[in-house]
Structures are given as C-alpha cells and as structure tokens.
Amino acid sequence: MSEKVRTRFAPSPTGYMHIGNLRSALYGYLFAMKEKGEFILRIEDTDQNRYVDGATQIIYDTLADAGISYSEGPDKGGPYGPYLQSERKEIYMEYAKKLIEKGAAYYCFCTPERLASMKDTSVADSNGVTRYDKHCLSLTKEEVEANLKAGIPFVIRQNIPPEGKGTYHDMVFGDVTVDYKDMEDGILIKSDGMPTYNFANVVDDHLMHINYVIRGVEYLSSTPKYNLMYDAFGWERPHYMHLSPVMKDAQHKLSKRNGDASYQDLVAKGYVKEAILNYIALLGWAPKDNSEKMTLAEMVEKFSVDGLSKSPSIYDEAKLRWLSGEYMKELSDEEFKKRAQPFFEQSKAYGKYDEDLLVKLLKSRIEIFGEIPAKIDFLEEYDAFDPSLYDNKKQKCNKEVAKAILPKLYEAMKGWEDYSNAALYEALVAFAAAEGVKNGQVLWCLRIAITGASVTPGGASEMAELLGKQRCLDRLQRAISALS
RNA sequence: GGCCCCUUGGUCAAGAGGUUAAGACAUCGCCCUUUCACGGCGGCAACAUGGGUUCAAUUCCCGUAGGGGUCACCA
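Just so you know, these numbers come straight off a predicted model, no measurement behind them. (Residues numbered from 1 in each chain as written. Chains lettered and ligands numbered in written order. Predicted model: local features only at pLDDT ≥ 70, side-chain atom pairs only at ≥ 80, totals over all residues. Heavy atoms only, no water.)

Caption draft 1: Structural detail: the overall build of chain A. The number of helices and strands found in chain A is 18 helices and 12 strands. Its C-alpha atoms give chain A a radius of gyration of 32 Å, clearly above 23 Å, the size a compact globule of 484 residues would have. With the C-alpha coordinates of chain A rotated into their principal frame, the extents come out at 110 × 50 × 40 Å. Going through the 484 residues of chain A one by one, you find that 50% of them count as buried. When the accessible surface of chain A is summed, it comes to about 22600 Å², and 51% of that surface belongs to carbon and sulfur atoms. Computed over 62 positive and 72 negative side-chain charges, the separation of the two mean positions in chain A equals 3 Å. (Helix = DSSP H or I, 4+ residues; strand = E, 2+ residues; numbered from the N terminus. Rg over C-alpha atoms; globule rule 2.2 N^0.38 Å. Buried < 20%, exposed > 50% of the residue type's maximum accessible area, 1.4 Å probe, protein only. Areas by Shrake-Rupley, 256 points an atom, 1.4 Å probe, with all protein chains shown as cover. Lys, Arg positive; Asp, Glu negative; His and termini not counted. Charge placed at Lys NZ, Arg CZ, Asp CG, Glu CD.)

The following block contains the structure:
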C-alpha cells in the first residue's frame, strides 16, 4: 500500500449508537491507525425523516469517550469538508448531472402512481420482483428539458447496464460477483434534491479521498452498483472491507429498537469502558496471537484484516462482564473511586462509611460498577434477619452456636479499642482460641450478626472495621436479643 | 422467492490437507480461604449434512440443510 490509507466512519444520526456501530468505527480506526493513515468522520444525514435530534452529538461523545479519534469531521473540520452530507446538497446535484451527461444516469419523471402500479404482480418478473422499467430512459433531451422547465418533480436514477456482471474483491469476503440484471435503476437524487446513500456515498468517498471503504455486509451485494459509478466518472475504485453483523441471537441483529445494549447503556450499567471497547473488538476479530485483553494501542498494533471473521457474531454479555471485571481489578484506587462515585451515590448507605476502605474491598469483588449499591446497602439497612443465616455447615455454625458465642463476644469486643482489620482479626482469633471454638465459628457468626447479610464485600473483621466500633456493638446487641 | 454471503463446543474463536482440533467466557468439580470474591488446578463440551478430489479431508470442489443480507425517493 503505497498510497496513504484514508478510511471513514459514516453513521447516520438516527438515534443511539449501538455496539455494532461502534465496532464498525473501531475497525475503521484500527485499520487506519495500523496503516498509519487517516480516520475520518462523516455524518450521513440525507434523510430528514429519520433524523433524530441530538443523535449527532451522541456520535461525537461516544467516539470521544471510547478514545476513537478522527482527524477530520464535522466538529473538527478538514480539507475536504463539509463533513455533514446535508451541507453538500449542491455538490451531489452537480455530480449527478455529470453522470447524466455520461449516460450513466437519467432524469425520471414517473409519478408515484405509475411506480405503484408497477408493483402490480402483472408486471413482476418470474421471481415476483418488480424493478423500475427504465421508462424515462427513452425520453429525448427535449422532452426532459420541457419537463424540467414545466417544474415537474423528478428524481435522477442510475442507468444500470441490462446485461453483464460486476465483480470486485472484498478484503474479507474475497471475490464477489453480482449480475446487473438483478439490480434496479436505483434513485441517486431524490425529488427533494437530496441524494440517496447510494450516491452520496460514492461522491463523498471520492471527494474525500477515501480509498478504503469499511462498512457493514448489507452493502456487499450492492457494491457493484457503486463501482459502476466510479467507473463512469473515471474515478479509481476504493478497496472494500465489509463487516459481518453483531447478533443478539442466532437470528436477530442487535438493535436499539429492542432495547439492546448501546454503548451508553453499558456505561450507565457500570461496565468499565475500556472493557466495552475491548470486547466489541473481539466480536468478529481475533488477533494473530489470540490475545484477549488489549488496550486500544495494542489493538492497533495487532490489527489485521485476515483476523476478521465472515460470519455473524453473537453478543455475549457474560463475557463482556468478565472482561470488565478484569479491567476493574487493574484500576488504581483513585480511578476506581472516581468512576464508582455515581454508583456509590445510588446506595442508601452513601456517605456513611469509609470510602477508601470500601474501594479496596470492592475492587476485586465486582465486575461492573452497577453492583455497588446492592453490595453496600447493608451498611445502612440493618433489619431483623432470618436466623437461618447463621447456618453454615462448613464453618460448623448455626443459630445455637451464635447464641452461645455472641454474648461473650459482645463483652469482649466492648473492651477492644483498635478496630482496624488486622487488629480485629488477631483479637478475634485469640478470642476463638480462648473459648475453644473454631475461628470460622466466631468469624461467621460475627459477620452475619453485624451485617445481617449472607453475602458481604469482605469477611467479619473487614466488615467490623467498616462499621466501626459503635455500630458494631449496637448491631451485635440487636442480634443477640433477636436470638433469645 | 431471485440474487449475494456465511456455517468449528452453549458463546467468542485458533487451525487452512496428515493436530491428542488450541485458547477464552459460561458451566461443573476440587484446592486456597473469615462469607463472597480473587487466585490455582481439573472436568464436560465442537468441525451442519451428503457426495466427490486425494494415500489422507474440519481444511479443496459440488449439492443439500440451516442462518444472515438484499431486492425503498433508509442508510
């Protein structure tokens, strides 16, 4: 590759950014960076009907948050702008006219009624498919001029050859061939003067010097149409890399419509964002050395097209969760604290504990930040609990054991001053030895007694430290009276 | 339905003619252990199918089945 690689991410602002979208952006970015090229953002907002307010901002924010940077884009500028298709309307018309001059496109004045009537099965081909019949192709120059002058609404259609085949080489799928007779004379310029994707894409990619087109497989079989235009213009065809989709299950693509995870949903649930990006990179791609946990920079370094898979990949949140946990453990205490903040705030216990201590306990125990509230609510909520919580076969513990141990332990603990984990642990073990019971019996009973929870983010001494002496003794007392 | 494309364990996936068919997640079991985790060790589990080609096919070719995409004045 002697020419400088220029690739682009070209989303349409129709809502939230889902995992599949982000992944396309990621792959484009990885490829461009790997090849020391440029990655560009272009917003495809030619369909006003589908435009969703704020969607463009979500695209900027998501890419920025994920660390996928582009050198040119609507919000960054660049030498080939504007990068917002709606601002390029005149350009498309100008090029569409060039295509008409070359005979590769033509004006079409057919009414919606006529078009609708063609859908009638009486004119369908043997496969039951109706295609535009090239009716307006036969219009003379004079007729076209007259219609134009009369202000009759028109569209511009691509003139697909009636015969022949289009073949091209896809970087992941290999050679792809499609018969021209299976293609329709698609609309290039809509009656509102806006281009369709089919056309804007070709014009913009060329004008923006995009030489590697990376996009979803849904364009795999329509690509020959685009090549026809490149050829007609006398432009060099770009290289194509089509990406298989991310699925929700074996037969459904991931979609926002079904409430499937978007990047921001996952962040809101508390997944570590680096893990999200890392995981989606792995959905459909595997590096040569089979690494799994990688930073963005490592992904760039390891990226190669032959590691892309051709078949769809099913999104598995369980694995994402695991990866998030891996990243979680590596977060520094400060970073963890910072990112966990909003989740601490969701807990009823917020502000009523030593946060630094909790950070250490929680870090290796959660995979996503969203687990935090449920994990620490016991710090604030302490209600009567089922004494069966004391039952633990392995620790040889049960309600009766608790009844015997707890009052003595309460008396002992009243005298202890150092409520740090280490000192408590030492004292508790000594207590167990003095009483002639197993460590586990004391520790288990105590933990249950002061937390009222079967699962806590640490053991008895850690929970006692977290609660502090006073709360510890209060709860112990309540637990004892509940037992009698 | 026509056309294009895809098919390795439950999931993500290595392997590209000869392998005991990797690894990861999930799952199960054991160890560690003050619960839960973490960590360590181990188990279960796959080449959709039928024909070829070949000394040898998971790997190459053809068919079948299954799945995805496409057939819009949406991208």
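So, next bit.
Caption draft 2: Summary view of the protein's contact with RNA strand B. Around RNA strand B sit 63 residues in total, of which Gly-284, Glu-292, Lys-394, Tyr-425 and Gly-458 are the nearest. Within 4 Å of the protein, the atoms of RNA strand B are drawn from sugar and phosphate moieties in a proportion of 70%. Here Thr-46 contributes a side-chain N or O atom positioned 2.6 Å from a phosphate oxygen of RNA strand B. Measuring from a base oxygen of RNA strand B, one finds a backbone N or O atom of Gly-459 at 2.7 Å. Taken together, the elements giving at least two residues each to the surface near RNA strand B come down to strand 6 (174-179), strand 12 (313-314), helix 11 (317-330), helix 17 (439-451) and helix 18 (460-483). For the surface near RNA strand B, the leading source of residues is helix 11, giving five residues. When the residues that make up the surface near RNA strand B are grouped by side-chain class, the tally is 23 nonpolar, 21 polar and 19 charged. (Near = heavy atom within 4 Å. Polar contact = N/O pair within 3.5 Å; in protein donor to acceptor, adjacent residues only side chain to side chain. Nonpolar A, V, L, I, M, F, W, Y, C, P; charged D, E, K, R; others polar.)

Caption draft 3: Highlighting the domain arrangement of chain A. The domain architecture assigned to chain A consists of domain 1 (1-73 + 244-330), domain 2 (89-189), domain 3 (333-380) and domain 4 (382-484). The centre of domain 1, based on its C-alpha atoms, is set 48 Å off from the matching centre of domain 4. (Domains from an automatic or database assignment.)

Caption draft 4: Spotlight on the packing of aromatic side chains. Counted under the stated rule, the structure contains 20 aromatic pairs. Seen in terms of ring centroids, Phe-233 and Trp-235 are 3.9 Å apart; in terms of plane orientation they differ by 10°. Their pairing is stacked. By relative accessible area, Phe-233 is classed as buried at 10%. Considering the side-chain rings of Phe-344 and Tyr-353, the 6.0 Å spacing of their centres and the 50° angle between planes classify their relative orientation as tilted. Residues Phe-344 and Tyr-353 agree in their burial class; the two are buried. Among the aromatic residues, ring-to-ring pairing joins Tyr-95, Tyr-230, Phe-233 and Trp-235 into one connected group. For Lys-293, the ring lying beneath its charged end belongs to Tyr-327, and the centroid distance is 4.4 Å. (Phe/Tyr/Trp six-rings, centres within 6.5 Å; stacked < 30°, edge-to-face > 60°. Lys NZ or Arg CZ within 6 Å of the ring centre and 35° of its normal.)

Caption draft 5: Fine view of the pairing of strand 4 (residues 155-158). Residues of strand 4 alternate between two faces, with Val-155 and Arg-157 on one and Ile-156 and Gln-158 on the opposite face, all of them buried. Bridging between strand 3 (residues 105-108) and strand 4 involves four bridges; their strand directions are antiparallel. The residue of strand 4 that forms the bridge with Ala-105 is Gln-158. Two elements, strand 4 and strand 7 (residues 187-189), share two bridges in a ladder whose sense is antiparallel. (Pairing = 2+ DSSP bridges.)

Caption draft 6: How the structure looks around the pattern of salt bridges. Tallying each qualifying case throughout the model produces 35 salt bridges. In this structure, Lys-302 and Asp-289 form a salt bridge, with 2.6 Å as the shortest nitrogen-oxygen distance. One end of the pair, Lys-302, is in helix 10 (residues 296-302); the other, Asp-289, is in the loop between helix 9 (273-282) and helix 10, and 13 residues separate them in sequence. (Salt bridge = Lys/Arg side-chain N within 4 Å of Asp/Glu carboxyl O.)

Caption draft 7: Expanded view of the pairing of strand 9 (residues 239-243). Within strand 9, four of the five residues are buried, which leaves it mostly tucked inside the rest of the structure. Note: strand 8 (residues 212-216) against strand 9, five bridges, orientation parallel. Opposite Gly-216, over in strand 9, you have Leu-243 as the bridge partner. Tracing the backbone out of strand 8, into helix 7 (residues 223-233) and back to the parallel element strand 9 gives a crossover that is right-handed. (Right-handed = clockwise from strand over helix to strand, strands pointing away.)

Caption draft 8: Region of the structure containing the sheet that holds strand 10 (residues 246-249). The strand order across the open sheet built from three strands is 11-10-12, with neighbouring strands paired in mixed fashion. Since the sheet does not close on itself, it has two edges, and those belong to strand 11 (252-253) and strand 12, each with one partner. Where strand 10 lies against strand 11, two bridges are found, and the strand directions are antiparallel. Following the sheet pairing, Asp-249 is matched in strand 11 by His-252.

Caption draft 9: Structural context of helix 16 (residues 421-435). Its 15 residues give helix 16 an end-to-end C-alpha distance of 21 Å, which sits within 8% of 21 Å, the value for a rise of 1.5 Å per residue. Lining the buried residues of helix 16 we find helix 15 (399-415), helix 17 and helix 18. Count one or two residues on from helix 16 and you reach Gly-436, which has phi positive near 70°. (Expected span 1.5 Å × (residues − 1). Contact = heavy atoms within 4.5 Å.)

Caption draft 10: Expanded view of the sheet that holds strand 7. Reading across the sheet, the three strands line up as 3-4-7 and stay open at both edges, with antiparallel pairing between neighbours. Single-partner strands in this sheet number two, and they are strand 3 and strand 7. Taken over all neighbouring pairs, the strand axes of this sheet differ in orientation by 40° on average, direction set aside. (Axes fitted to C-alpha atoms, helices over the stretch in contact; angles between N-to-C directions.)

Caption draft 11: Representation of helix 12 (residues 333-345) in the model. End to end, helix 12 covers 17 Å across 13 residues, agreeing with the expected 18 Å (1.5 Å per residue, within 8%). A bend of about 45° at Arg-339 is the largest found in helix 12, and the proline Pro-342 appears one to four places after it. Of the positions making up helix 12, those classed as buried are Phe-336, Arg-339, Ala-340, Phe-343 and Phe-344. In this structure, the buried side of helix 12 is in contact with helix 8 (263-269), helix 9, helix 11, helix 13 (355-363) and helix 14 (372-376). (Bend = angle between axes of the 7 residues up to and from the residue.)

Caption draft 12: Highlighting the environment of Phe-343. With respect to the helices, strands and loops of the structure, Phe-343 is situated in helix 12. Since its relative accessible area comes to 8%, Phe-343 is described here as buried. As a C-alpha pair, Phe-343 and Thr-177 span 166 residues in sequence and 53 Å in three-dimensional space. With near-sequence residues (within four places) excluded, Phe-343 lies in contact with Val-267, Ala-268, Lys-269, Gly-270, Phe-369, Gly-370, Ile-372 and Pro-373.

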